[in-house]
Amino acid sequence: DNVAIAGLDPNIEINSAYNGIWEWEFRTAASYLFRYGILASANFDRRSGEYWERSVQFRGPAGSRIPTQVLRVEPRGSRQADDLNMLDIRAEKRFELPKGRRVSVTLNVYNTLNTNSPLGIQGRSGPQFGFVTSIPPGRIVEGSFRFSF
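Keep in mind the model is a prediction, meaning the values are calculated, not measured.

Now for the overall build of the chain. Each helix and strand counted, the chain has one helix and eleven strands in total. Taken from the N to the C terminus, the helices and strands of the chain come in the order α-β-β-β-β-β-β-β-β-β-β-β. By sequence separation, contacts in the chain at least 24 residues apart represent 58% of the contacts at least 6 residues apart. Accessible surface, the chain: about 11,400 Å² in total, of which carbon and sulfur atoms supply 55%.

This is the structure in structure tokens:
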């Protein structure tokens, strides 16, 4: 018979979910049709910063069969990166042509606020500890023309 007693397994403490830590996200979008048929829209996304913790890599003696192991040495989520705020905006103007044809001119600006909050951080102990490994792409401006017939 397999009997499990809750709370006596040390792996539960080590591998359990981030207890008491809340990740959250807020999104909103809006659009408005201005005079002369110019359509503008905006999308805003705000997310909680990534949780992370320090870990250490332990290696067995050279030539031994003891594997390399990486273990957390701080409680899960003991550190948190800055919150992420992303704003994307768009403007579009359509021109109606004869015979049901249409031309659209569009301008998109991604990451308008040029946010650089960390998306990934090196948590392993060593000379690179705490270095940012990933950030969102910088502000990107994109223009396009569309011809419909």
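The structure having been displayed, the exposition proceeds.
What follows is about the sheet that holds strand 1 (residues 25-33). The strand order 1-2-7-8-11 describes an open sheet built from five strands, whose pairing is antiparallel. The open sheet terminates on both sides in strands that have one partner only, identified here as strand 1 and strand 11 (140-148). Here the average twist between neighbouring strands, direction ignored, is 10 degrees. Note that strand 1 and strand 2 (residues 38-47) share nine bridges and pair antiparallel. Opposite Phe26, over in strand 2, you have Arg46 as the bridge partner.

The rules behind these values
Residues numbered from 1 in each chain as written. Predicted model: local features only at pLDDT ≥ 70, side-chain atom pairs only at ≥ 80, totals over all residues. Heavy atoms only, no water. Helix = DSSP H or I, 4+ residues; strand = E, 2+ residues; numbered from the N terminus. Contact = heavy atoms within 4.5 Å. Areas by Shrake-Rupley, 256 points an atom, 1.4 Å probe, with all protein chains shown as cover. Pairing = 2+ DSSP bridges. Axes fitted to C-alpha atoms, helices over the stretch in contact; angles between N-to-C directions.

Nothing here speaks to function; it is all geometry.
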